[in-house]
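Chain by chain, the residues:
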Amino acid sequence: EKHPVLADTFQKAKENLLRQTKNYIFESPYETGSYNLRMLLETPVWHINDYTGEMEGPDAEAEPLTMKECAEVVEQCLFGRSKAVSLCIGNIDEKGSQEVADVISNSFLKKRPLIDDETPRFRTLKMPNK
């Protein structure tokens, strides 16, 4: 490794993330309910087992998660194809809102926007009350 301190920090962060992910079952009822509701309403969405499977187990041992891979994903998320919807409220006028939108557009939305099939979908389900 070119940066051993950074590699150690990455490994510790990975271990902390795995521990926090496994401790999901000890979260407050509100957090657990919020997570389960997200699983119902959003598509596509990763399940908690998908996250842990990326960090431990046979697949993770065969192809371990690397710092380089994480950096590439971050770069792709920040500077790849994306779509943004914003709401400016508070102490800002229409001109200021447009300036904020221009900064975001010029800095992050340089490529083609996501097509509709790539955009996360939110759906509404009626929950039984009895």
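Here the residue numbering is sequential within each chain, running from 1 through the sequence in written order. Confidence filtering applies because this is a predicted model: local features only for residues at pLDDT of at least 70, side-chain atom pairs given and counted only at 80 or more, and all residues used for totals across whole chains, interfaces and linings. Calculated side-chain values reflect all of the structure's heavy atoms, with hydrogen atoms and water omitted.

A.B. asks: Can you help me understand the packing of helix α1 (residues 4-22) against helix α3 (residues 48-55) in this one?
C.D. replies: Two quantities define a packed helix pair, namely the angle between the axes and the distance from one axis to the other. Angular values range over 0 to 180 degrees, each being the angle between N-to-C directions of two axes fitted as lines to C-alpha atoms, with helices fitted over their stretch in contact. Numbering of helices and strands starts at the N terminus; helices are DSSP runs of H or I of at least 4 residues and strands are runs of E of at least 2. For the pair α1 and α3, the least separation of the axes is 10 Å and the interaxial angle reads 150°. Taken together, the axes of α1 and α3 lie roughly antiparallel to each other. Taken as a pair, α1 and α3 cross one another with a handedness that is left-handed. Contacts between α1 and α3 involve Lys14, Leu17, Leu18, Thr21 and Lys22 on the former and, on the latter, Ile48, Tyr51, Thr52 and Met55. Under the scheme applied, nonpolar residues are Ala, Val, Leu, Ile, Met, Phe, Trp, Tyr, Cys and Pro; charged residues are Asp, Glu, Lys and Arg; polar residues are all the others, including Gly. Taken together, the residues that form the contact of α1 with α3 break down as 5 nonpolar, 2 polar and 2 charged. The cut-offs work like this: below 35 degrees is roughly parallel, past 145 is roughly antiparallel, 65 to 115 is roughly perpendicular, and the gaps in between are oblique. The hand of a helix crossing depends on one turn: near helix anticlockwise from the far one by less than a right angle means left-handed, and clockwise means right-handed. Two residues form a contact once any of their heavy atoms are found within 4.5 Å.

A.B. asks: Just checking my understanding: could you explain the environment of glutamine 11 for this structure?
C.D. replies: Assignment of secondary structure puts glutamine 11 in helix α1. For the pair glutamine 11 and arginine 81, spaced 70 residues apart in the sequence, the C-alpha separation amounts to 29 Å.

A.B. asks: I tried to follow a nonpolar patch on the surface on my own but got confused; where do I start?
C.D. replies: Patches were defined on residues exceeding 30% relative accessible area and lacking a salt bridge, with like-charge contacts within 9 Å and nonpolar side-chain contacts (Val, Leu, Ile, Met, Phe, Trp, Tyr) within 5 Å. Accessible surface is estimated by sampling points in the Shrake-Rupley manner with a 1.4 Å probe; for residues, cover comes only from the protein chains shown. Think of a salt bridge as a Lys or Arg side-chain nitrogen and an Asp or Glu carboxyl oxygen that are within 4 Å of each other. Among the surface-exposed residues, Val74, Leu78, Phe79, Ile92, Val100, Ile104 and Phe108 lie close enough to one another that they form a single nonpolar patch of about 550 Å² accessible area. Of all the elements in the fold, those that place two or more residues in the nonpolar patch are α5 (67-79) and α6 (94-108). As for its position among the elements, phenylalanine 108 is in helix α6. Per-residue accessibility, obtained with a 1.4 Å probe over protein chains only, is compared with the maximum for each type, and a residue is labelled buried under 20%, exposed over 50%, and partly exposed between these values. By relative accessible area, which is 35% here, phenylalanine 108 ends up partly exposed.

A.B. asks: Please explain the environment of leucine 41 as it appears in this structure.
C.D. replies: Looking at the secondary structure, you find leucine 41 in helix α2 (residues 29-41). Residues leucine 41 and arginine 121, 80 residues apart in the sequence, show an inter-C-alpha distance of 8.2 Å.

A.B. asks: Please clarify how the confidence of the model for the protein should be interpreted in this entry.
C.D. replies: Detailed reading of the predicted coordinates is not advisable wherever pLDDT falls low. Counting all residues, the mean pLDDT for the protein is 84, and 94% of those residues have values of 70 or more. The predictor attaches a confidence to each residue, called pLDDT, with possible values from 0 through 100. For the protein, strand β2 (residues 121-122) is the element with the lowest average pLDDT, namely 70, and α1 is the one with the highest, namely 92.

A.B. asks: Please clarify how the pattern of salt bridges should be interpreted in this entry.
C.D. replies: Close approach of charged atoms allows side chains of opposite charge to pair. Applying the stated criterion across every chain, the model contains 4 salt bridges. Glutamate 56 is paired through a salt bridge with lysine 22; the nearest N and O atoms lie 2.9 Å apart. With glutamate 56 in the loop between α3 and α4 (58-62) and lysine 22 in helix α1, the pair connects residues that are 34 residues apart, well separated along the chain. You can call lysine 22 partly exposed: its relative accessible area is 41%. A salt bridge links lysine 95 to glutamate 99; the nearest nitrogen and oxygen atoms lie 3.6 Å apart. In this pair, lysine 95 and glutamate 99 both sit in helix α6, 4 residues apart, roughly one turn of the helix. Lysine 95 gets classed as exposed once you look at its relative accessible area, which sits at 60%.

A.B. asks: Whenever I open this one, the side chain of threonine 52 confuses me. Can you help?
C.D. replies: Positionally, threonine 52 belongs in helix α3. Here threonine 52 falls in the buried class, since its relative accessible area comes to 15%. Among all residues touching threonine 52, those that are not within four sequence positions of it are Leu18, Thr21 and Lys22.

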